[in-house]
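Tertiary structure, described
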Amino acid sequence: MNQAIHFKTSLFDVSIEKENPINPIYGISLLEWLRESLKGRLEITEPDAEDWGWYSELEFEGNTYLIGSCAYFEEGDDPAGDLEWVFQIEKYRSFKDKLFGKNKMTEADGCFLFFKGLFETHPDIKEVKLG
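Presented here is a report on the structure given in the accompanying data block. Computed from a predicted structure; not experimentally measured.

What follows covers the packing of aromatic side chains. Each pair of aromatic rings is reported with the distance of its centres and the angle of its planes. Inspection of every chain in the model, using the stated rule, returns nine aromatic pairs. Between Phe12 and Trp33, the ring centres sit 5.6 Å apart and the planes meet at 65°, which makes this aromatic pair edge-to-face. You can see Phe12 sitting in the loop between strand S1 (3–9) and helix H1 (28–37) and its partner Trp33 sitting in helix H1, a full 21 residues away along the chain. Phe12 gets classed as buried once you look at its relative accessible area, which sits at 7%. A ring pair is formed by Phe87 and Phe119, whose centres lie 5.1 Å apart and whose planes are at 80°; its orientation type is edge-to-face. Separated by 32 residues along the polypeptide, Phe87 in strand S5 (residues 83–91) and Phe119 in helix H3 (residues 110–121) bring together distant segments of the chain. For Phe87, a relative accessible area of 0% translates into the label buried.

Structural data, given as structure tokens:
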């Protein structure tokens, strides 16, 4: 099961994002920002498009994760204003882990807590909620 973090920020201008070729959903700027700002601490892959938004992969404490993002932006919204963002984290698990119910993704997972803390402590990110 993936875990999601919702928040609002005006850190990113979605109007200048690269177009998602699968579905017109914004969100790559968050992953690019994370990739750049965490360089040297975490190796995050180049973001790629999905039908639900954008995703990257990373390794954290010996596990591999998919992280995803999308921004709620519609025609007429101010791209420089506070937009709602959804950041998802999914842990890859082996067949054996799934079979025996081990290594599950939870809100206590180290990777989840890392990103939750990052968002909660950033001065330009507001209204951080789990969902």
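Strand order across the open sheet formed by six strands is S2-S3-S4-S5-S1-S6, with antiparallel pairing between neighbours. Of all the strands in the sheet, the pair left with one neighbour each is strand S2 (48–50) and strand S6 (125–130). Shown here is a sheet whose adjacent strand axes are inclined to one another by a mean of 30°, direction ignored. The strands touched by H1 within the sheet are S1, strand S3 (53–60), strand S4 (63–72) and S5, with S5 carrying the most contacts at an inclination of about 60°. Where H3 meets the sheet, it contacts S1, S3, S4, S5 and S6, and its direction lies at approximately 10° from that of S1.

Conventions we followed
- Residues numbered from 1 in each chain as written.
- Predicted model: local features only at pLDDT ≥ 70, side-chain atom pairs only at ≥ 80, totals over all residues.
- Heavy atoms only, no water.
- Phe/Tyr/Trp six-rings, centres within 6.5 Å; stacked < 30°, edge-to-face > 60°.
- Helix = DSSP H or I, 4+ residues; strand = E, 2+ residues; numbered from the N terminus.
- Buried < 20%, exposed > 50% of the residue type's maximum accessible area, 1.4 Å probe, protein only.
- Pairing = 2+ DSSP bridges.
- Axes fitted to C-alpha atoms, helices over the stretch in contact; angles between N-to-C directions.
- Contact = heavy atoms within 4.5 Å.

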